[in-house]
Amino acid sequence: MVSELVLQIALIMTIQTVFLVWIFRAGVKMLDYALGDLDSSIATGLKQLIEQGFGDFEPQNPILTAIASRLMQSPAAEVVEVSRDQAGRFSQR
């Protein structure tokens, strides 16, 4: 009776293991298919992007262009020294 129970448990565990391996293989196949589909979609999108160009860009903002050109200029070369009096305060000219 005990050996019959052990055989039944072993049979159930074997069936369960085979089922889990089958589920795992099916999941791996589905993942492989999904990744292949994603890869082809990305490749198609990149090909279209290269062939058609990047599209129209928004025109430059003239205010930002003026600010950028001002920032690119070198700072003024004139240095103004302000003297201090004996107390350490800035003196007037």
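A quick note: this is a predicted structure, and the numbers were derived from the prediction, not measured.

Draft legend 1. Inspection of the overall build of the protein chain at higher detail. Within the protein chain, the secondary structure is distributed over two helices and zero strands. Total accessible area computed for the protein chain in this model is approximately 9,700 Å², and 65% of it derives from carbon and sulfur atoms.

Draft legend 2. Layout of helix H1 (residues 2–52). Taking 1.5 Å of rise per residue, the 51 residues of H1 would be expected to cover 75 Å, and the 75 Å separating its terminal C-alpha atoms lies within 8% of that figure. Count one or two residues on from H1 and you reach Gly 53, which has phi positive near 85°.

Draft legend 3. The arrangement of helix H2 (residues 62–72) in detail. For H2, the tally of buried residues reaches only zero of eleven residues, placing the bulk of the element at the surface. Capping the start of H2, Asn 61 holds a side-chain oxygen 3.0 Å from the backbone nitrogen of Ile 63, two or three residues further along.

Draft legend 4. Quick look at a nonpolar patch on the surface. The grouping of Leu 31, Leu 35, Leu 38, Ile 42, Leu 46, Leu 49, Phe 54 and Phe 57 at the surface amounts to a nonpolar patch, some 880 Å² of accessible area in total. Mapped onto the elements, Leu 35 comes out in helix H1.

Thresholds applied
- Residues numbered from 1 in each chain as written.
- Predicted model: local features only at pLDDT ≥ 70, side-chain atom pairs only at ≥ 80, totals over all residues.
- Heavy atoms only, no water.
- Helix = DSSP H or I, 4+ residues; strand = E, 2+ residues; numbered from the N terminus.
- Areas by Shrake-Rupley, 256 points an atom, 1.4 Å probe, with all protein chains shown as cover.
- Expected span 1.5 Å × (residues − 1).
- Buried < 20%, exposed > 50% of the residue type's maximum accessible area, 1.4 Å probe, protein only.
- Polar contact = N/O pair within 3.5 Å; in protein donor to acceptor, adjacent residues only side chain to side chain.
- Patch = residues over 30% accessible without salt bridge, like charges linked within 9 Å, V, L, I, M, F, W, Y side chains within 5 Å.
- Salt bridge = Lys/Arg side-chain N within 4 Å of Asp/Glu carboxyl O.

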